Amino acid sequence: MLSGGSTDGWDEPAPRGPAPGDGWDRDRRRPGVRLRRALRRLTHRPGRPSRADRAEQRRARARARDERGLEPPRAAWGDILALLAAVVLVVLGAANLAAMGDVGATTTKLATGGLGLALLFLLAARRIAVTPALAWTVYGTTLALLLAVLVVGREVNGALRWLAVGGITLQPSELAKIAVPLVLAAVLTRGRPTWRRFAVALPLAAVPIVLVADQPDLSTATLLTLTTAAVLVIARVPTRYLLPVLAAAVVAAPLAVGLLRDYQAARLGTFLTGSQSAEGPGWAVRQARLAIARGGWWGDRTDPVHLLAARYLPERQTDLALASLASGWGAVAAALALLAGLVIVWRCVLGARAPRSATGRLLCAGFAVLLAVELVVSTGGNLGLLPVAGVPFPILSGGGTATVVHLAALGLALSARRDGARRQLWTPAARSSPRLARTTVAALTVVLVAFASFGAGVVRDPVAAAASVDQMTRCVTIPAPRGAVVDRHGALLAADAGDRGIRVAPALLRRDPAAVDRLAALLGRPPGELHALVDPAPDTVVGLDAGTVPGPVGETVARAGLPGVVVVPAPRRSYPTGPVLAPVLGWVGLATPRQTALHPDLDPRGTTGRAGVEQSYDAVLRGVPGEQCYWVDPVGRPMSAAARRDPVPGATLALTIDLGMQQRLVADVAASLSGSARGAVGGAVAMDPRTGAVLAMASWPSHDNALYGPPLDTAALRATSRAPGTPMINHAIGSALPPGSTFKLVNATANMITSTIPPERVLPGGGSFTYGGHSFGNWRVLPAQNLVDALAWSNDVYFYQLALALGPETMIDTARALGVGSPTGIDLPGESAGYLGTPASVEAAGGTWYPGTTVILGIGQGPLQVTPLQSARWTAAVATGALPTPYVGMAVGTGPGAIALPHPAPTPLPFADRLGPVREGMRAVVTSGTGRALADVGVPVAAKSGTAEDPSVPGGGVDDWMTAVAPADSPDLVVTALAQRPETGTSRTAAVVAATMRAHGAGAP
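The sections below set out a description of the structure shown in this document. (Residues numbered from 1 in each chain as written. Predicted model: local features only at pLDDT ≥ 70, side-chain atom pairs only at ≥ 80, totals over all residues. Heavy atoms only, no water.)

### Examining a nonpolar patch on the surface
Taken together, Trp77, Ile80, Leu81 and Leu84 make up a surface patch of nonpolar side chains, about 430 Å² in accessible area. By secondary structure assignment, the location of Ile80 is in helix H3 (residues 73–99). On the basis of relative accessibility, which here comes to 35%, the residue Ile80 falls in the partly exposed class. (Patch = residues over 30% accessible without salt bridge, like charges linked within 9 Å, V, L, I, M, F, W, Y side chains within 5 Å. Areas by Shrake-Rupley, 256 points an atom, 1.4 Å probe, with all protein chains shown as cover. Salt bridge = Lys/Arg side-chain N within 4 Å of Asp/Glu carboxyl O. Helix = DSSP H or I, 4+ residues; strand = E, 2+ residues; numbered from the N terminus. Buried < 20%, exposed > 50% of the residue type's maximum accessible area, 1.4 Å probe, protein only.)

Set out below in structure tokens:
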């Protein structure tokens, strides 16, 4: 460390000649030289010069070159590389502007770059010594220009930074980047005490820094401050002088934040928070990365939308010129620019030892650090690794003043280096070299290499590349035509209505005023009406709804090819069967938040199935939407049509439903409710017990799913939803009611499993059964009967006794095995699981399981509710020995190419071989018992009737049940019907089941 009053190291030395004996006695400096020379003489081959001779020859050539004022070849090649690097940066800067289509800026860049290169070559060729006079001249000129800016400067965007001289605009703050290092070099190398040099240097640097900061140009002021600090360190100013200044700067730094303009504070906040909001400076960071990713390795300048993409990158000619270059010419060009910048930096720092003046040495080192800092800050800002500080990439960026100043400074540095090299014989080497200059540049080079590695990752980021395209497009969704729904024979059940929607991009349509009138004519609307819709619409809209038209009109509009007009399928659905199948088919509407959360592939703006088959098989029916995209500018205005992706229509869905059977069953269920109280409900299911295929499913009262539109018939929909009997519920699967005596099939099965009471044993009969002091009635007085007869006549007294013998656990376990109390698994939404209470669950709910509860559970009353489909399912299981899973979806497509939908096979019952007596009882119901109405349907039928007391029946009626299979010995059809009717009267559901059985016959469906 130098003392405070020392002038060692940077005062100019007196000229001297070469040291005596220089070059001839160097070998005497190391021991063992004579021995090695002797060995070389022994091994020396005659005719070949020795190593010492060759070294002497090289030294002789070097002395001759010095005497003629020539440089070593390596030094000359270094200068040539630096000159070529400067040319490369100018050419790349012009190429960047040309790729953006800016002819004027490209011409200006070539002109200013040519002027700067001319100065560079002129200065480098003349070998000008860097003298204090030169430094003070440049410094004085810079101060004069900076002061002139305060008086006659031109203000742009709130900054007073430019001087207009004729048609030329100058930015004096750029000249300060060379003036400050020059004057510092001149002052710090004079033969004065160090403290005096330091005291003079600081205010000299502070004056232009303050003037630049006042413009305001805080980025350049900060860069000048860093350059000043670097020159002070390089000039070997003692640390005891530097530390107080550094401490003062640290203390004042928080105060300097208050001097930041709003946009500068926003830039700093963006860097610290990582925000990439489009409403702030984070937009620039995001766009820079997207531009680099979009350009890839070789650039996208040939892409037709490159010019549009360039408009998304702000400050593409200055601060983000490197990202712009990478976008147009690829990451290879950006890497070449970095390499060229590093070549210049290293040429300057390595040449800092050569100049014969200390001022020249310090200038070369200071300029090298300045360039390196500019490279690091600019590159880091382009990659988002540093704040976008307003520091352009040296020489590459579009600023004319900055280009000329940097090239002139490089010429001055090369001239000083060559001047020192030419005078080696009479100008000694400096007694001190620039401190930490090469170390600083090496560290900054490492940082640049790390930045480049990060940039390579951005280039390879496919997500960013895709995002760069996505941000330039706005798309209109083209809904896919929804697939049709047909019955098992191909009869149409649901299909799109065929209407078409007209979507307009007003900004494109308004470019041709006649296009609006032509569209109005095609739509059959008054032109004024369409103008009133299109003209006031914002330019950024791309999917303005211009109405819905019939299909043929929509096709005519599509063929017209009007700009900004897209014809899309309208989301209106047609249901020819109306209320007959509305509860099964469901309806289509906008996707709910819950649906989009469960199915992320759903378009929240599109339509989807909301109930019934439309919901269950929405993925099959809805298809894949298409889109018509538009290229938009950064504001969002559509500029032209982009890619169109046609939608993929949904597939046709074939159901297991037989439309003819469905229509008859619905009509019969509706008729069974005739005379019932208002609000009574009915439901029925016809199913193939061998597979679970549902052939018909009736629910009444019903509704018309055309109410859901579009347009939505709000009034009718509200009235329907409030109507008695809840017509919007599928009562066949959604209404759970007491099953009554149909549940006796379950308890009879439980008895056969456990062999509690032999089926042939006769139990006492009568008109009632007394247990625990309570009397439980029979529907009529019946004699003592065995299991088969008790089923045939639905003998309540028999099943009271059976229930007590079985106990609640046995009945409940068997019921669960037959699917009671759980969903059937049918491929329809809205199914009720019913209710199967247990002693534990009843008590947990606050109730009491009385002994009488077990008694009435034997006849299907008490804590028990089932749906018609659940009853049909256990009927099928008892009749066939396997528990089926019901379904309505049969196949995707029709004809030979149809693809059958997979469904679970029926589950075999482990006790199927024990159910003979139960099946005999079911057959006896028809032949001699309560179901004789089914005896003449043309096919042997096995059945079970039931009547359940239900306080929820409107008007105080009962739940009337009938469940049956046919043919009895090998069933291929099970039909279960429910109707709420008045308590008096005969069964109405027997007629419903009989009519379906009669129409079906004995053949397979």
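### Regarding the nonpolar core
As a rule of thumb, nonpolar side chains are buried together in soluble globular proteins. Ile178, Leu188, Ile344 and Phe367 are the most contacted members of the largest nonpolar core, which totals 104 residues. Element by element, the count of residues in this core is highest for helix H15 (residues 358–383), at 15 residues. Those residues in contact with Ile178 that lie beyond four places of it in its chain are Val138, Leu363, Phe367, Val405 and Ala409. Membership of the second largest hydrophobic core comes to 83 residues, among which are Ile657, Leu791, Ala879 and Val965. (Core = buried A, V, L, I, M, F, W, Y, C linked by side-chain atoms within 4.5 Å. Contact = heavy atoms within 4.5 Å.)

### Overview of the pattern of salt bridges
In total, this model carries 23 salt bridges according to the counting rule given. Here Arg482 ties to Asp618 by a salt bridge, and the two come within 2.9 Å at their closest N and O atoms. A residue pair is termed long-range when its members are at least 10 positions apart, and Arg482 in the loop between strand E4 (473–478) and strand E5 (485–486) and Asp618 in helix H26 (residues 618–621) qualify at 136 residues. What makes Asp618 buried here is its relative accessible area of 5%. Through salt bridges with shared partners, a single network forms among Arg482, Asp496, Arg573, Glu614, Asp618 and Arg622.

### A look at the packing of helix H11 (residues 282–295) against helix H18 (residues 462–470)
Here H11 crosses H18 at 110 degrees, and the two axes come no closer than 8 Å. Classified by the angle between their axes, H11 and H18 sit roughly perpendicular to one another. Where H11 abuts H18, its residues Arg286, Leu290, Ala293 and Arg294 lie against Ala464, Ala465, Ala467, Ser468 and Val469. Of the residues that constitute the contact of H11 with H18, the class distribution is 6 nonpolar, 1 polar and 2 charged. (Axes fitted to C-alpha atoms, helices over the stretch in contact; angles between N-to-C directions. Parallel < 35°, antiparallel > 145°, perpendicular 65-115°, else oblique. Nonpolar A, V, L, I, M, F, W, Y, C, P; charged D, E, K, R; others polar.)

### Quick notes on the pairing of strand E27 (residues 958–966)
In the case of a regular strand, side chains alternate between the two sheet surfaces. In terms of residue burial, E27 counts as a mostly covered element, since 9 of its 9 residues are buried. With 8 bridges joining them, strand E26 (residues 942–949) and E27 adopt antiparallel strand pairing. By the bridge assignment for E27, Lys944 is matched with Thr963. Alignment of E27 against strand E28 (residues 973–981), held across 9 bridges, turns out to be antiparallel. Bridge pairing in E28 links Val965 to Val974. Joining the antiparallel neighbours E27 and E28 is a turn of 6 residues. (Pairing = 2+ DSSP bridges.)

### What about the packing of H15 against helix H17 (residues 437–459)?
In the contact formed by H15 and H17, the axes pass within 10 Å of each other and the chain directions differ by 20 degrees. Considering their axes alone, H15 and H17 lie roughly parallel with respect to each other. Where H15 crosses over H17, the two elements pack in a sense that is left-handed. Contacts between H15 and H17 involve Ala365, Ala368, Val369, Ala372, Val373, Leu375, Val376, Thr379, Gly380 and Leu383 on the former and, on the latter, Ala437, Thr440, Val441, Leu444, Val447, Leu448, Phe451, Phe454 and Gly455. (Left-handed = near helix turned anticlockwise from the far one by under 90°.)

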